[in-house]
Amino acid sequence: MRILFTSAIAGAFFAAFNSSSAAFAFTPSSLINTRQSSSAAAISSSRPFGVVRKNVGMTPSALHMTMERKPRPAYVPGQISDPDYVRIFDTTLRDGEQSPGATLTSSEKLEIARNLAKLGVDIIEAGFPIASPDDFNAVKQIADVVGNEVFDDGYVPVICGLSRANKKDIERAWDAVKGAKLPRVHTFIATSPIHMETKLNKTPDEVVQIAVDAVTFAKSLGCDDIEFSPEDAGRSDPEFLYRILSAVIEAGATTLNIPDTTGWNMPWEFGNLISQLKANVKGAENVVFSTHCQNDLGLATANSLAGALNGARQLECTINGIGERAGNASLEEIVMSLALKGADKFGAENTSSGKVLGSGKLYTAINPV
């Protein structure tokens, strides 16, 4: 499985950057190719959307510096100057590696991270540093190398490490990513009644305090880009979400990621949840709302786009939708949906909040083929 996983990911990226017409070319034998898409997203050497200047014999780092890509707003934690811009958060190296039987070496992760940067994703979630010494080293290497390779246009990806909401996890994640120019810590705790009661054995009050303490601790380490996720938000009480998300914003969170952890929601449910959170969470105007949708019912991409329609401006996804259980939202499906429909199908009049969420011309910085 590891060979198939690596071949699928690395082969896809090599195709994207060594051919003007082939992108995300997964072999039929790949066991992780759970969904086929007729669309692809990559930087093309022959299309008007972007240019890769190819020079035979150039080192990977030299080629890295000659990329031209679509412009994007300057990166600021918790803010996006253009309300129509959608950040792409790739978690192939973290949630994607949780595909059954899949594993990657540190060198393979570095290679994939470099190609994700060439693709132009805004954030790379490089791993779960506390999981093992190898995962820590892989995340640190990506932060130290890919997180410092600045393109000619000034772009460098945010490098993110995942952690549970405890000091040991958070400190380990920060130690792994802090060498990047744009480091981020992503911390989470479950908020649905079933998870709080049967998995955490915690009361709602205790969960709120743990979340606040986690964000406060991350900030105390010097991290100014903190993402917080209420795990299983799709099955959580909205009133409790208003409370805990308001509290973590006050503590210093800059991105609020709303996971449909079990792939439970319908697009209209999930879109309405994002709309209601933006309307009822105190300080919502000071953070970026994000989506992380699992594909158990085959609706991960649809739910992510419903989130964007209702004001989410970061969408979490993986290459080819790989991930735990049935997988995640597919990067190529999300990018191509916004490339083809973002200009005229995401207007503010379609949202349930009644608030203006930009001009309705949503876009990413990923160049479509």
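As a reminder, the structure under discussion sits directly above these lines.
Overview of the structure. Note that this is a predicted model, so its numbers are computed, not measured. (Residues numbered from 1 in each chain as written. Predicted model: local features only at pLDDT ≥ 70, side-chain atom pairs only at ≥ 80, totals over all residues. Heavy atoms only, no water.)

### Some details on the overall build of the protein
So, step 1. When helices and strands are counted, the protein shows 11 helices and 10 strands.
So, step 2. The buried share among the 369 residues of the protein stands at 58%.
So, step 3. For the protein, the proportion of contacts with a sequence separation of at least 24, taken over those separated by at least 6, is 75%.
So, step 4. With the model as given, the accessible surface of the protein reaches about 14,300 Å², and the carbon-plus-sulfur share is 54%. (Helix = DSSP H or I, 4+ residues; strand = E, 2+ residues; numbered from the N terminus. Buried < 20%, exposed > 50% of the residue type's maximum accessible area, 1.4 Å probe, protein only. Contact = heavy atoms within 4.5 Å. Areas by Shrake-Rupley, 256 points an atom, 1.4 Å probe, with all protein chains shown as cover.)

### Overview of the packing of helix α5 (residues 167–177) against helix α7 (residues 204–220)
So, step 1. Contact geometry of α5 with α7 gives a least axis separation of 10 Å together with a crossing angle of 35 degrees. Between α5 and α7 lies a crossing whose hand is right-handed. Across from K167, I170 and E171 in α5, the residues of α7 making contact are A214, F217 and A218.
So, step 2. Residues that form the contact of α5 with α7 fall into these classes: 4 nonpolar, no polar and 2 charged. (Axes fitted to C-alpha atoms, helices over the stretch in contact; angles between N-to-C directions. Left-handed = near helix turned anticlockwise from the far one by under 90°. Nonpolar A, V, L, I, M, F, W, Y, C, P; charged D, E, K, R; others polar.)

### Focus on helix α8 (residues 238–251)
So, step 1. Compared with the 20 Å implied by 1.5 Å per residue over 14 residues, the 20 Å span of α8 between its first and last C-alpha is a close match.
So, step 2. Among the 14 residues in α8, 10 count as buried, and that is most of the element.
So, step 3. If you check which residues of α8 are buried, you get F240, L241, Y242, I244, L245, S246, A247, V248, I249 and A251.
So, step 4. Tucked into the core, α8 has its buried residues touching β6 (183–190), α6 (193–200), α7, β7 (226–231), β8 (255–260) and α9 (267–280).
So, step 5. Following α8 by one or two positions, G252 adopts a phi angle in the positive range, close to 130 degrees. (Expected span 1.5 Å × (residues − 1).)

### Considerations on the packing of α8 against α9
So, step 1. Two numbers describe how α8 lies on α9: the axes approach to 10 Å, and their chain directions differ by 50 degrees. Taken as axis vectors, α8 and α9 run oblique relative to one another. For the crossing formed where α8 meets α9, the hand is right-handed. Together, L241, Y242 and L245 of α8 and L273, Q276, L277 and N280 of α9 make up the contact between the two elements.
So, step 2. Of the residues that constitute the contact of α8 with α9, the class distribution is 5 nonpolar, 2 polar and no charged. (Parallel < 35°, antiparallel > 145°, perpendicular 65-115°, else oblique.)

### Looking at the sheet that holds strand β9 (residues 288–293)
So, step 1. Pairing is parallel around the closed barrel formed by 8 strands, whose spatial order is β3-β4-β5-β6-β7-β8-β9-β10. For this sheet the average axis-to-axis angle between neighbouring strands, irrespective of direction, equals 25 degrees.
So, step 2. Bridging between β7 and β8 involves 2 bridges; their strand directions are parallel. Looking at the pairing, E227 lines up with T255 of β8.
So, step 3. Helix-sheet contacts for α5 involve β5 (158–164) and β6, and the interaxial angle to β5 is about 165 degrees. (Pairing = 2+ DSSP bridges.)

### A word on unusual backbone geometry
So, step 1. Non-glycine residue N201 carries a positive phi angle of around 55 degrees.
So, step 2. By secondary structure assignment, the location of N201 is in the loop between α6 and α7.
So, step 3. A relative accessible area of 60% places N201 in the exposed class.
So, step 4. Positive phi, close to 65 degrees, is recorded for D232, a residue that is not glycine.
So, step 5. Locating D232 in the fold gives a position in the loop between β7 and α8.

### What to know about the pairing of strand β10 (residues 314–317)
So, step 1. Alternating residues of β10 divide into Q314 and E316 and L315 and C317, and every residue in both groups is buried.
So, step 2. The pairing of strand β3 (residues 87–90) with β10 spans 4 bridges and is classified as parallel. Considered in β10, the bridge of F89 is made with E316.
So, step 3. Summarising the sheet, β9 and β10 pair through 3 bridges and their orientation is parallel. In the strand pairing of β10, S290 is matched with Q314.
So, step 4. After leaving β9, the chain enters helix α10 (residues 300–309) and then returns to the sheet as β10, a path that is right-handed. (Right-handed = clockwise from strand over helix to strand, strands pointing away.)

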